[in-house]
Amino acid sequence: MSEGLLPLKTRGLCFAVREKQIIDQIDLTISGNDITVILGPNGAGKSVLLRLLHGFLEPSAGQVKWGGRDIDEDLRKRQVLVFQRPVMMRRSVADNIRFVLSLRRFSDRQERLEKALDLAGLKAQANQPAPRLSGGEQQRLAIAQAMVLDPEVVILDEPSSNLDPGATMAIERLIEVAQNEGKKIILVTHDLGQAKRVGNEIIFMHRGRIVEQGSCDNFFTDPKTPEAGAYLDGALLV
Ligand SMILES: Nc1ncnc2c1ncn2[C@@H]1O[C@H](COP(=O)(O)OP(=O)(O)O)[C@@H](O)[C@H]1O
Ligand SMILES: [Mg+2]
C-alpha cells in the first residue's frame, strides 16, 4: 500500500508569464476527505492553480507536494484533472471511455466501462458519437472518464459553467457519488450556489493569491476579507 496523497501542500508557489505573476506566492494545505471548493472571480488564477497542482504546468518558483512527495508519473496517475472544456474523440461514448482504460493495465476493463456508463447516466448513449452529446452529457462523460481510473483525488475545473440548472444538479450528484466513494474532490466554480450546496471547505482566490480559506459555513456567513465580502455581494472584482 502506497502512502496517501494528502495533505496536498504548496510552498511559495508562483507562476509567472513574462512580467505577470499569475500565481503569486501561494502557501496552501488541502487535506480531509471532503469537498474543497476554490472560488474567485474570472482571471483570479484558478485554472492555472489547478494545472500546477496536477503537475500539468511547472511552477516558476515554489513547490507542490502530494503527501510530502514531488509530483512524478505515479502521483499523476492517482489524481485526475478534468478540464473546463473537455476534449473528446469523434468516436462513441463507450470508445472514449475505452480509450482512457487502454492507458492503464486494468484486468476488469469491461466491468469498469459498464460502471462508468451507469455512473454518468450514459448507458443509452453508449454507442452515440461523443461530440453529439449535450453539454451536460459531455461533462458527465468527462467526469466518468476520470472516475474510471479510480483516482484518489478528482480535480474539477468549473464542470457546470455552461449548464442549465438540471444539468448542473446531475453534475453535483456525480460529484457527491465520487465523494461517497472516498475520493477527495477539489472543485473550482464561480457559482456561489454550487459552492454552498456541495462545499465543505472554501478557498477564495483573487489576483493569483489565496485571500481566505475556511469552512463553507464561516465563509458565507462571515467572510474575513473585504475582497471576499465584495465577491459575495456580487461586486465586480478585478
Ligand atoms: N499559459 C498562459 N500564458 C499567459 N497567461 C495566462 C496563461 N494561462 C492563464 N493566463 C492568464 O492568467 C490569468 C489567470 O487565468 P486563469 O487561471 O485561467 O483564471 P481563472 O480560471 O481564475 O478564470 C488570466 O489573466 C489569464 O489570461
Ligand atoms: Mg478558469
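Cut-offs and rules
Residues numbered from 1 in each chain as written. Chains lettered and ligands numbered in written order. Predicted model: local features only at pLDDT ≥ 70, side-chain atom pairs only at ≥ 80, totals over all residues. Heavy atoms only, no water. Near = heavy atom within 4 Å. Polar contact = N/O pair within 3.5 Å; in protein donor to acceptor, adjacent residues only side chain to side chain. Areas by Shrake-Rupley, 256 points an atom, 1.4 Å probe, with all protein chains shown as cover. Helix = DSSP H or I, 4+ residues; strand = E, 2+ residues; numbered from the N terminus. Nonpolar A, V, L, I, M, F, W, Y, C, P; charged D, E, K, R; others polar. Buried < 20%, exposed > 50% of the residue type's maximum accessible area, 1.4 Å probe, protein only.

Outline the site of ligand 1, supporting the account with residue identities and numerical values.
Around ligand 1, the structure places Val-17, Lys-20, Ile-22, Pro-41, Asn-42, Gly-43, Ala-44, Gly-45, Lys-46, Ser-47 and Val-48. Here an oxygen atom of ligand 1 sits 2.9 Å away from a polar atom, N or O, in the side chain of Ser-47. Between ligand 1 and Val-48 there is a distance of 2.9 Å, counted from an oxygen atom to a backbone nitrogen or oxygen. Considering ligand 1 on its own, with 560 Å² of exposed area, one finds that the protein chains cover 60% of that surface. For the shell around ligand 1, the secondary structure elements donating two or more residues are strand S2 (20-30) and helix H1 (46-54). Here the shell around ligand 1 takes three residues from H1, the largest share from any one element. Tallied by class, residues from the shell around ligand 1 come to five nonpolar, four polar and two charged.

Which residues make up unusual backbone geometry, and what values go with them?
Cis rather than trans, the peptide bond between Leu-6 and Pro-7 has omega equal to 0°. Relative to the helices and strands, Pro-7 is located in the segment before strand S1 (8-17). In the Ramachandran plot, Gln-25 falls in the positive-phi region, its phi being about 60° despite a non-glycine side chain. As for its position among the elements, Gln-25 is in strand S2. A relative accessible area of 52% means that Gln-25 is categorised as exposed. The phi angle at Asp-150 is positive, at roughly 55°, despite the residue not being glycine.

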